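This is what each chain is made of:
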Amino acid sequence: MAKTYFKDDANLDLIKKRKVAVIGYGNQGCSQALNLRDSGLDVVIGNIDDEYLVRAKKDGFQTYSIKEAARKADLILLLIPDEVATEVYYRDIHEELQAGNVLSFASGYNTYYGHISCPDFIDLVLVGPRMGGPDVRVRYENKEGFVSLIAVEQDHSGDALNIAIAIAMAIGSTQGALMSSFKEETIIDLFGEQLQGMALYTAQLAFEVMVEAGCSPEASLMELYVSEEVSDDWRNCAKIGLWKQLRGHSTTSQYGQLTRGELSAGEDTRELFLKVMDDIKSGKFSREWALEQKNGMKVYDSLVKRSLAHRINQVEEDIRKILNHGKESAT
Ligand code: NDP
């Protein structure tokens, strides 16, 4: 069992005496900064001068340029997208780090792939919520909590793990902070995202097959995901269990799922998953993505364009009209 830490394991005093800078006031930055402040920490925001900075000011934070915030703080949470973090780190943060500072990431990506290399006189930790930014705030306010992965890459102070646990609890990871590593967090995160991509293409392929079989596009999409029945099934997987939740389906459905479902999980799929995993572990995916950004994101742009040009997008809009009409006529 992965070692897991809870509220009782945290000593918030370890971070309450520090000046905290949250760098980036986006999805994670905004929610984590608000949660840290409500947990009694002294938080400032570092962001470039745009509407996110305005939002941080409106939320009552003292705001600074990224460089200035990094200079003022002795605990820095770097909460900007991974693809820009390296440039921002070397431009605005690296030179500002002092002995005894703590730098905390929400993702292991740049450290694991060697894009960011920090001085050895700081603690380098990771606190990565398994939760989208907005829910990090909502669940903190509702006292529901969420799970985070935590890791220590450099322990200069000898207290880095306790600091990571304290950060995790202060942002609201009260359902548990699971001990991980920068490597594991990166692999899990990328593999999970890429698996989700496979599910999206599979749904699109299924839509095409259903329409070719003479089913109406609208009914097909309702069945596939728009009615949210499938989202409920996945929620039940989390709450009841991947296979245990099947008991809530008819026996015809269960038989179909158990026999036909298995056809998609044979050796070919295992080979595919192993290749995807290998590209992540070897750094092939990371190098490809860095090159793509350097080359002006042409492949990315064309794939986004292609996905949004698929017929499925128009059918979704038609269904929204039907559903909105239904909602209006019901009131
Ligand atoms: P966002 O895209 O929401 O972050 C936006 C923030 O980054 C804004 O403050 C934005 O400022 C700033 N930013 C963007 N580009 C630049 C730039 N070139 N220079 C300076 N600042 C910039 O990111 P997330 O909150 O989604 O992700 C932050 C971290 O959290 C990442 O490491 C991610 O992997 C991790 N994470 C994310 C999760 C999620 O669900 N989203 C879950 C767990 C971890 P502005 O727009 O003002 O430029």
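Figured I'd write up the structure that's included with this text. (Residues numbered from 1 in each chain as written. Predicted model: local features only at pLDDT ≥ 70, side-chain atom pairs only at ≥ 80, totals over all residues. Heavy atoms only, no water.)

On to the site of the ligand. Tyr25, Asn27, Asn47, Asp50 and Asp82 are the nearest of the 21 residues found near the ligand. Within the contact set of the ligand, an oxygen atom lies 2.8 Å away from a backbone nitrogen or oxygen of Gln28. At a separation of 2.7 Å, an oxygen atom of the ligand approaches a polar side-chain atom of Asn47. Contact with the protein chains hides 76% of the accessible area of the ligand, taken as 890 Å² for the molecule alone. Contributions of two or more residues to the shell around the ligand are made by helix H2 (27–38) and helix H5 (82–93). Considering each element in turn, the shell around the ligand owes the most residues, three residues, to H5. (Near = heavy atom within 4 Å. Polar contact = N/O pair within 3.5 Å; in protein donor to acceptor, adjacent residues only side chain to side chain. Areas by Shrake-Rupley, 256 points an atom, 1.4 Å probe, with all protein chains shown as cover. Helix = DSSP H or I, 4+ residues; strand = E, 2+ residues; numbered from the N terminus.)

Let's shift gears to the sheet that holds strand E4 (residues 62–64). Backbone-to-backbone hydrogen bonds join strands into a sheet, with any given pair of strands oriented parallel or antiparallel. Read from one edge to the other, the open sheet built from nine strands follows the order E1-E9-E8-E7-E6-E5-E2-E3-E4, with strand pairing classed as mixed. For this open sheet the edge positions go to strand E1 (4–5) and E4, each flanked by a neighbour on one side alone. Direction of pairing for strand E3 (residues 42–46) relative to E4: parallel, over a ladder of three bridges. Along E4, the bridge assignment pairs Val44 with Gln62. (Pairing = 2+ DSSP bridges.)

Below, the discussion takes up the pairing of strand E8 (residues 147–154). Within a regular strand, side chains alternate between the sheet's two faces. Where strand E7 (residues 123–129) and E8 come together, six bridges link them in antiparallel fashion. Each residue of the ladder has a partner; that of Gly128, found in E8, is Leu149. With four bridges joining them, E8 and strand E9 (residues 176–179) adopt parallel strand pairing. Counted as the bridge partner of Val147 is Gly176 from E9. Between the parallel elements E8 and E9, the chain passes through helix H8 (residues 160–171) in a crossover that is right-handed. (Right-handed = clockwise from strand over helix to strand, strands pointing away.)

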